[in-house]
Amino acid sequence: MNTQLPSPLRLAIVGGGPGGLTLARTLHLHGIAATVFEQESHALERPQGGTLDLHEESGLLALRQAGLLEAFQAIARYDDQGTRLLDKAGNVLFEDQDAASGDRPEVDRTELRAMLLKALPATCVRWGCTMREVRARHDGRWDLAFDHGNEGPFDLVVGADGAWSKVRPLLSPYRPQYSGLTFVECGIDDVDRSHPTLSQLVGRGKMSVEADCKEIIAQRNGNAHIRAYAIFRVPADWAAGRFDIASPASMRTELLKEFDGFAPEILDLFRVSNDSFAIRLICALPVGHCWAGRRGLTLLGDAAHVMSPFGGDGVNNAMFDAVELARLLAERADWNEAVAEYESLMFARVVESAEGAAEGAATQLSHIGQELALEMYRSHASGTSLLPAPSTAPGSVPVTLQ
Ligand SMILES: Cc1cc2nc3c(=O)[nH]c(=O)nc-3n(C[C@H](O)[C@H](O)[C@H](O)COP(=O)(O)OP(=O)(O)OC[C@H]3O[C@@H](n4cnc5c(N)ncnc54)[C@H](O)[C@@H]3O)c2cc1C
């Protein structure tokens, strides 16, 4: 009789974003150990980005399955689900009356990451580990190459390493393509106390203003912080030739120039911003992106299906991918079959989101952009649908940055 137990699956997760950490957490709940390799040196190395709204059928469901719904309630911001649409003169064109009545609570990314980390064993995440390459071994397993040397062997490597994944090239020849939209991002601190007029202008949620084929979206984050995006439809190299990210003063001057003619109270978003600016080129993988299975490798979240943020499904999809993969790995006797099943379900599941996000990006900043946005908000408020956008669950507003 063979009394030898099968050796446990050796599993590496590349990337400690919301997707990778949700996977590690859910595997941990199922008693499956995994190591997360994250390039950042610690959890607070950089601001994690703007506020996210989690959806009942994906992000919140993932948190429920990860046993973290209660912990989430302590950091969720139900009060900040409002929407305002202004014209460039600052007139309010649309405003929903009750910012707290929605079912898509907001959460700050840094808080979300901290919550996920707290729910993991301390040794699970290896910080400061930038994965350079995945290397095939002769025994069919995989090594990961880092600056400090190789780690491995691993039976299964999950690429949760975002839009520019280093795992993806082993599975797919596709790279994210530029959508034509460039975001210049800035932030305003202590807005309620230091800039009360601006605080009111943005309200409890997000405010957008679109004119002259340009747009500003400002979102309330936790701790009285506002994150604002100036959005342009321009060639991919346009921003690099125009903005000097190393000079906050010149960033402000250029943004004020670009939005000349917008009301002064709107332009205050740039005038009083802090010194952290970022330029983001919005890129997406093709709708329906998929690959033929390869033993021991898979992807989740943006690595598998990065899409434009117009639809607000990115993080929700990443977290739901994670709990689905964990569930199947726990339930199936054969981990390789579990991965194959996860992939085929995930490919089909994210198509609607990807279509909605692609449509959202394509219809931003048209010559009738403001009218389109207004119609959209009104139809949402009255419960009728204008667009056949399949990704829009009841309660969501399509073609706006969620
Ligand atoms: C401007 C903007 C606004 C957005 N707004 C929303 C929104 O409102 N709602 C929403 O649902 N989604 C939104 N998204 C999308 C959302 O940010 C992503 O879908 C989500 O973060 C994907 O999670 P992830 O874990 O797959 O990848 P990521 O969050 O990108 O995490 C990847 C992790 O991998 C690490 N990493 C990368 N390369 C390596 C490497 N070689 N070695 C080790 N570690 C590595 C990174 O440091 C990072 O921690 C927005 C995106 C943008 C650009």
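Residues numbered from 1 in each chain as written. Predicted model: local features only at pLDDT ≥ 70, side-chain atom pairs only at ≥ 80, totals over all residues. Heavy atoms only, no water.

### Observations concerning the sheet that holds strand β7 (residues 125-126)
We apply this condition: What makes two strands pair is DSSP finding at least two bridges between them. Helix numbering and strand numbering both begin at the N terminus, where a helix is a DSSP run of H or I of at least 4 residues and a strand a DSSP run of E of at least 2.
Spatially, the five strands line up as an open sheet ordered β7-β2-β1-β11-β17, and their pairing is parallel. The strands lining the two open edges of the sheet, one partner per strand, are β7 and β17 (297-299). Relative to strand β2 (residues 35-37), strand β1 (residues 11-14) runs parallel, the two being bridged by three bridges. Paired with V14 across the two strands is F37, which belongs to β2.

### Section: the side chain of S308
Stated precisely, the cut-off is as follows: Two N or O atoms form a polar contact when they lie within 3.5 Å of each other; inside protein one atom must be a possible hydrogen donor and the other a possible acceptor, and for residues adjacent in sequence the pair counts only when both atoms belong to side chains. Note on definitions: a residue-residue contact is assigned when non-hydrogen atoms from the two residues lie within 4.5 Å.
Inspection of the secondary structure puts S308 in the loop between α10 (302-305) and α11 (314-331). A polar side-chain atom of S308 sits 2.9 Å from the main-chain carbonyl oxygen of A357. Setting aside residues up to four positions removed in sequence, S308 forms contacts with I282, C283, A284, A357 and A361.

### Overview of the nonpolar core
Condition: For our purposes a nonpolar core is just a set of buried Ala, Val, Leu, Ile, Met, Phe, Trp, Tyr and Cys residues, chained together by side-chain atoms within 4.5 Å. With a 1.4 Å probe rolled over the protein chains alone, any residue whose accessible area is under 20% of its type maximum counts as buried; one over 50% counts as exposed, and the rest are partly exposed.
Residues I13, L23, L27, F72, L144 and L329 are the most contacted members of the largest nonpolar core, which totals 66 residues. Among the elements that take part in this core, α11 stands out by supplying nine residues, more than any other. Setting aside chain neighbours within four positions, we find I13 in contact with G20, L23, A24, L27, A34, T35, V36, F37, V158 and A160. I188, L198, V209 and L255 belong to the second largest nonpolar core, which has 32 residues in total.

### Quick look at the packing of aromatic side chains
Using the following cut-off: Whether two aromatic rings pair depends on their centres lying within 6.5 Å, for rings of Phe, Tyr and Trp, where Trp uses its six-membered ring; planes under 30 degrees apart make the pair stacked, over 60 edge-to-face, and the rest tilted. Criterion for a charge above a ring: Lys NZ or Arg CZ within 6 Å of the ring centre, and within 35 degrees of the ring normal.
Counting across every chain of the model gives 12 aromatic pairs. Relative to F243, the ring of W238 has its centre 5.6 Å away and its plane inclined at 75°; by these criteria the two rings are edge-to-face. Per residue, the accessibility class of W238 equals that of F243, and both read buried. Relative to F270, the ring of F259 has its centre 5.6 Å away and its plane inclined at 40°; by these criteria the two rings are tilted. Pair noted here: F259 is in the loop between α8 (248-258) and α9 (264-271) and F270 is in helix α9, with a separation of 11 residues, a long-range link. Just as F259 is buried, F270 falls in that class too. Among the aromatic residues, those joined into a cluster by ring pairs are F232, W238, F243, F259, F262 and F270. In this arrangement the basic side chain of R10 is found over the ring face of F154, its NZ or CZ atom lying 5.0 Å from the centre.

### Notes on the packing of α11 against helix α12 (residues 335-349)
For the record, the criterion: Geometry is summarised by axes, namely lines fitted to C-alpha atoms with helices restricted to the contacting stretch, and by angles between N-to-C directions that run from 0 to 180 degrees. Roughly parallel means an angle under 35 degrees; roughly antiparallel, over 145; roughly perpendicular, 65 to 115; everything else is oblique. Two helices crossing with the near one rotated counterclockwise from the far one by less than a right angle form a left-handed crossing, whereas a clockwise rotation gives a right-handed crossing. Polarity classes work like this: nonpolar for Ala, Val, Leu, Ile, Met, Phe, Trp, Tyr, Cys and Pro, charged for Asp, Glu, Lys and Arg, and polar for all others, with Gly in that last group.
One way to put it is that α11 packs onto α12 with a least axis distance of 9 Å and a crossing angle of 150°. The pairing of α11 with α12 is recorded here as roughly antiparallel in orientation. Crossing hand, α11 versus α12: right-handed. In this structure, α11 contributes N317, F320, D321, E324, L325, L328 and L329 to the contact, and α12 contributes W335, A338, V339, E341, Y342, L345, M346 and R349. Partitioning the contact of α11 with α12 into residue classes produces 10 nonpolar, one polar and four charged.

The quantities given are spatial measurements derived from coordinates; they are silent on function.
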